[in-house]
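Here's the letter readout for the chains.
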Amino acid sequence: MTPFMAIDIRRKIMRVAVAVAAVAAMGAVRATAQTDAQLSQYYEVTTFYNPGAIGDTDLLRIRGGSRLQWVGIDNAPKTFLGTADMPLKLMGKRIGVGLVAAQESQGLYSSLNIAAQVAYKFRKFGGEWSVGLQIGMYDQKFKGSEVFIPDGDDFHQGSDEGIPMQDIHGMALDLGAGIWYRRKNIWAGISCTHLTSPVITMKTDGSESSDEKNFEFQANRTLYFMSGCNIPIKNTLFELMPSVLVKSDFTFTTGEINARCRYNKFLSFGVGYRYDDAVIATVAAELKGFYLGYSFDYSTSAIAKASSGSHEIFLGYSLKLDLSDKNKNKHKSIRIM
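Conventions adopted
- Residues numbered from 1 in each chain as written.
- Predicted model: local features only at pLDDT ≥ 70, side-chain atom pairs only at ≥ 80, totals over all residues.
- Heavy atoms only, no water.
- Salt bridge = Lys/Arg side-chain N within 4 Å of Asp/Glu carboxyl O.
- Helix = DSSP H or I, 4+ residues; strand = E, 2+ residues; numbered from the N terminus.
- Buried < 20%, exposed > 50% of the residue type's maximum accessible area, 1.4 Å probe, protein only.
- Phe/Tyr/Trp six-rings, centres within 6.5 Å; stacked < 30°, edge-to-face > 60°.
- Contact = heavy atoms within 4.5 Å.
- Polar contact = N/O pair within 3.5 Å; in protein donor to acceptor, adjacent residues only side chain to side chain.

### Comments concerning the pattern of salt bridges
Reasoning step 1: Summed over all chains, the structure comprises 13 salt bridges.
Reasoning step 2: Notably, a salt bridge pairs Glu44 with Arg63, separated by 3.1 Å at the nearest N-O pair. Of this pair, Glu44 sits in the loop between strand E1 (31-33) and helix H2 (46-49) while Arg63 sits in strand E2 (residues 59-68), and the two are 19 residues apart along the sequence. Side by side, Glu44 and Arg63 carry an identical accessibility label, which is buried.
Reasoning step 3: Residue Asp297 is joined to Arg67 by a salt bridge in which the shortest nitrogen-to-oxygen separation is 2.8 Å. Pair noted here: Asp297 is in strand E17 (residues 290-299) and Arg67 is in strand E2, with a separation of 230 residues, a long-range link.
Reasoning step 4: Look at Asp297 and you get buried, because its relative accessible area is 2%.
Reasoning step 5: One salt-bridge network, held together by shared partners, links Arg67, Glu256, Arg274, Asp277, Asp297 and Glu312.

Structure below.
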């Protein structure tokens, strides 16, 4: 047996073991997990983590992208994300509205989260505060039909009632809330996703039998703190853009810090570090409202022996909106047009 064959076999065994262990946990107790996608370019999609960040500028902002995590490992996490937000004026008050959609697959699990967002804004302490609310649906699926238990497994049997052998699916109402603050080139926010820690009851699609065994998945309530700023370098076209993200689901806490530099509001590049996980390199370009960003994560943990790293790319477009009243009820006479 060659070394490469041995590595491939070990990967397959690990994949099966992880999948089966996860399903067994569902059957024995209510399964819980940190459910939000991990993104290296979090500073470009702040509304994904904090609904208070919507309408943060006078721009209609659209972002979409994907993340391929731990390339080289079978069934590693894959994420697809889209966000859109804009400010509005309603009865003389400034508000923000937004939409977010995220789809993630990991092993035999897949999830879809779609939500609408609204935020109320007011000025205090020299800056603008924003209190946001998010309401949506969280959809969870498990491909039980693809569960494979190898012969001679000492821990699981094919007849184990704790392991669903059919595809199961469920959904639940999901809420989030956040507070955001911006003063000139400084921003910060604190938020909580899965505010009610919703329990998703999963069962076979189309089944109406009351005797059927149900499985439950619980989305962990997760706290986030984000902050960053833009620091112009005097007498140059460069500016520094440091930022930080800290997150906790009350069981697991981690954080990351990024340092980026942007030239002439066009080209930016930077590095980052996620605690006990990865070193991050990022490059991005902005031109006439369009945005393109790419990041690469190199793992600093033992998983680097099986993976070549993680890749993330985002595309976006921003359109300037005029929210002033200076042109209200004004028009040009056809005699002078």
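That shown, we press on.
### Overview of the packing of aromatic side chains
How two aromatic rings sit relative to each other is set out by the distance from centre to centre and by the angle between their planes.
Reasoning step 1: Under the counting rule described, the total for this entry stands at 10 aromatic pairs.
Reasoning step 2: Seen from their ring centres, Phe290 and Tyr317 are 4.7 Å apart, and the 50° between their planes marks the pair as tilted. Linking Phe290 in strand E17 with Tyr317 in strand E18 (residues 310-320), this pair joins segments that are 27 residues apart in sequence.
Reasoning step 3: A residue is classified by how much of its surface remains accessible, and Tyr317, at 31% relative accessible area, is partly exposed.
Reasoning step 4: Through a chain of ring-to-ring contacts, the aromatic side chains of Phe48, Tyr49 and Tyr224 assemble into a single cluster.

### Focus on the environment of Glu239
Reasoning step 1: Topologically, Glu239 is positioned in strand E13 (residues 238-248).
Reasoning step 2: Exposure remark for Glu239: the relative accessible area of 8% places this residue in the buried category.
Reasoning step 3: In contact with Glu239, not counting residues within four places along its chain, are Asn230, Ile231, Pro232, Ile233, Arg260, Cys261, Arg262 and Lys265.
Reasoning step 4: A distance of 3.5 Å separates polar atoms of two side chains, one belonging to Glu239 and the other to Asn230.

This is a description of form; function is not addressed.
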